[in-house]
Amino acid sequence: MQLPKSSQLASRLEWRESAGSTNLELIQLAGTEQLPNFTVYATANQVAGRGRSGRVWETPANSALAISVLLHPPMSSPADLGKLGWLPLIAGLAMSRTVASVLGTNSGNASVPSPKVGLKWPNDVLVNEHKICGVLTELVGNSVVIGAGINLTQTQEQLPIPTATSLLLQGALLPTALAESFDLVLSTYLQNLSELYNRFINLGLDAVASGVRQQIIDGCITLGREVRAELPDGTSVLGRAATIDDTGRLVLDVNGQVMPLSAADIVHLRH
């Protein structure tokens, strides 16, 4: 498939008409040859997709994009490894901006309220509180593979859960030609990801000095909300999402006590 815009942005673009897991296949490819930074592996027919905590992600053929990007972040010391926790947030913000951009191509009818698009900490993208994209980041040696899956044209019946959505359901007017539609979404995401990632690495993986932390805070719709945090040990805690700290952790206010979280499934509670 010809994807001219995306090909210009990727150091190397590997498009597959079908793939099991793009993350897994890109990792396997990287194990057999030297791949350049910003190698992109993508398909519109992923048949064995993986989400966080081993969850399965499957969609009808040609209705969603699965995108994996290989990055070689420059690290000058072992301490830099901990800074890579910003990458899922960077990818989520890049996809959030992509979704907002694509939805901006609709009719522009002023009487129709604009959809609320934002990043749900740590790595989901929501439109009007419905999930449209998830991100899965995997460390491979000193490299990172960032996987993202975005729903394009699924109907409500084709989506796995009632709280999921697609660009089609949110009113996006995608090109009718499949290649043009895929190229539009993929190239917009790669452009956004490249800009944020380069800003991050050019300032020594410093999310604060680069301004990336503040951009993520500005784009995170979890902040200011009452949430339930479901922790890896099976327990949960209720609190208000106050901020994202300098290491990328979500900081909860739990009855006046500060509780930073490095890993959790977050449930937005209704007001």
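Basis of the calculations
Residues numbered from 1 in each chain as written. Predicted model: local features only at pLDDT ≥ 70, side-chain atom pairs only at ≥ 80, totals over all residues. Heavy atoms only, no water. Salt bridge = Lys/Arg side-chain N within 4 Å of Asp/Glu carboxyl O. Helix = DSSP H or I, 4+ residues; strand = E, 2+ residues; numbered from the N terminus. Pairing = 2+ DSSP bridges. Axes fitted to C-alpha atoms, helices over the stretch in contact; angles between N-to-C directions. Core = buried A, V, L, I, M, F, W, Y, C linked by side-chain atoms within 4.5 Å. Buried < 20%, exposed > 50% of the residue type's maximum accessible area, 1.4 Å probe, protein only. Contact = heavy atoms within 4.5 Å. Polar contact = N/O pair within 3.5 Å; in protein donor to acceptor, adjacent residues only side chain to side chain. pLDDT = per-residue confidence, 0-100. Right-handed = clockwise from strand over helix to strand, strands pointing away.

*Asks:* Help me understand the pattern of salt bridges, please; the structure alone is not making it clear to me.
*Replies:* Opposite charge on two side chains allows them to pair when their charged atoms are near. Scanning the entire structure with this criterion turns up 11 salt bridges. The partner of Glu 33 in a salt bridge is Arg 12, with the nearest N and O atoms 2.8 Å apart. Placement of Glu 33 in the loop between α2 (22–30) and β2 (39–43) and of Arg 12 in strand β1 (residues 12–16) is noted, with a sequence separation of 21 residues between them. Among the ionic pairs, Lys 131 bridges to Asp 124, the shortest N-O distance being 3.4 Å. Connected through shared salt-bridge partners, Arg 12, Glu 14, Arg 16 and Glu 33 make up one network.

*Asks:* What am I meant to see in the environment of Gly 31 here?
*Replies:* You can see Gly 31 is positioned in the loop between α2 and β2. Separated by 130 residues in the primary sequence, Gly 31 and Ile 161 have C-alpha atoms spaced 35 Å apart.

*Asks:* Before we go on, may I ask you to explain the sheet that holds strand β10 (residues 226–230) in this structure?
*Replies:* Overall, antiparallel pairing links the five strands, which are arranged β13-β12-β11-β10-β14 in an open sheet. The open sheet is flanked by β13 (257–261) and β14 (265–268), the only strands paired with a single partner. When the angles between neighbouring strand axes are averaged without regard to direction, this sheet yields 45 degrees. Pairing geometry for strand β12 (residues 250–254) and β13, over five bridges, is antiparallel. Along β13, the bridge assignment pairs Asp 253 with Val 258.

*Asks:* Help me understand the nonpolar core in this model?
*Replies:* Side chains that are nonpolar tend, in soluble globular proteins, to be buried together. The biggest cluster of nonpolar side chains holds 67 residues, and the ones touching the most others in it are Leu 65, Leu 167 and Tyr 189. Here the element with the most residues in this core is helix α3 (residues 86–103); it accounts for 11 residues. With sequence-adjacent residues up to four places away left out, Leu 167 is seen in contact with Val 99, Val 102, Leu 103, Ile 132, Ile 150, Asn 151, Leu 152, Ala 172, Leu 174 and Val 185.

*Asks:* How should I be thinking about the sheet that holds strand β5 (residues 64–71) in this particular structure?
*Replies:* Sheets are built from strands that pair by backbone hydrogen bonding, the pairs being arranged parallel or antiparallel. Spatial strand order, β1-β2-β5-β9-β8-β7-β6: seven strands in an open sheet with mixed pairing. Unpaired on one side and paired on the other, β1 and β6 (117–120) mark the two borders of the sheet. The average undirected angle you get between the axes of adjacent strands in this sheet is 15 degrees. Taken together, the four bridges between β6 and strand β7 (residues 124–127) define a ladder with antiparallel strand orientation. Its bridge partner being in β7, Lys 120 is matched across the sheet by Asp 124. The strands that α3 touches are β5, β6, β7, β8 (130–140) and β9 (143–151); relative to β6, the one it contacts most, it runs at about 165 degrees. Along the sheet face, helix α4 (residues 178–202) touches β1, β2, β5 and β9 and points at about 30 degrees away from the line of β5.

*Asks:* In this structure, what is going on with the side chain of Glu 14? I would like to understand it.
*Replies:* You can see Glu 14 is positioned in strand β1. On the accessibility criterion, Glu 14 (13% relative accessible area) is buried. A distance of 2.7 Å separates the side chain of Glu 14 from the side chain of Arg 12, its partner in a polar contact. The contacts of Glu 14, once residues within four sequence positions are left out, are Leu 29, Val 40, Tyr 41 and Ala 42.

*Asks:* What's the story with the confidence of the model for the chain in this structure? I'm lost.
*Replies:* In low-pLDDT segments, the atomic positions of the prediction should not be examined closely. For the chain, per-residue confidence averages 92 on the pLDDT scale, and 93% of positions sit at 70 or higher. Segment residues 105–111 is flagged for pLDDT under 50; beyond a separation of four residues in sequence, or across chains, it makes four contacts in the model.

*Asks:* Before we go on, may I ask you to explain the pairing of β1 in this structure?
*Replies:* As paired strands, β1 and β2 are joined by five bridges and run parallel to one another. Following the sheet pairing, Glu 14 is matched in β2 by Tyr 41. Note on the crossover from β1 through α2 to β2: the handedness is right-handed.

*Asks:* Even after reading the chapter, I still don't get the environment of Ala 229, so can you show me in this structure?
*Replies:* As for its position among the elements, Ala 229 is in strand β10. Overall, the relative accessible area of 0% leaves Ala 229 in the buried class. Spatially, the C-alpha atoms of Ala 229 and Ala 148 are 22 Å apart, while their sequence positions differ by 81 residues. With residues up to four places along the chain from it excluded, the contact list for Ala 229 reads Thr 235, Ser 236, Val 237, Leu 252, Leu 261, Ala 264, Asp 265 and Ile 266.

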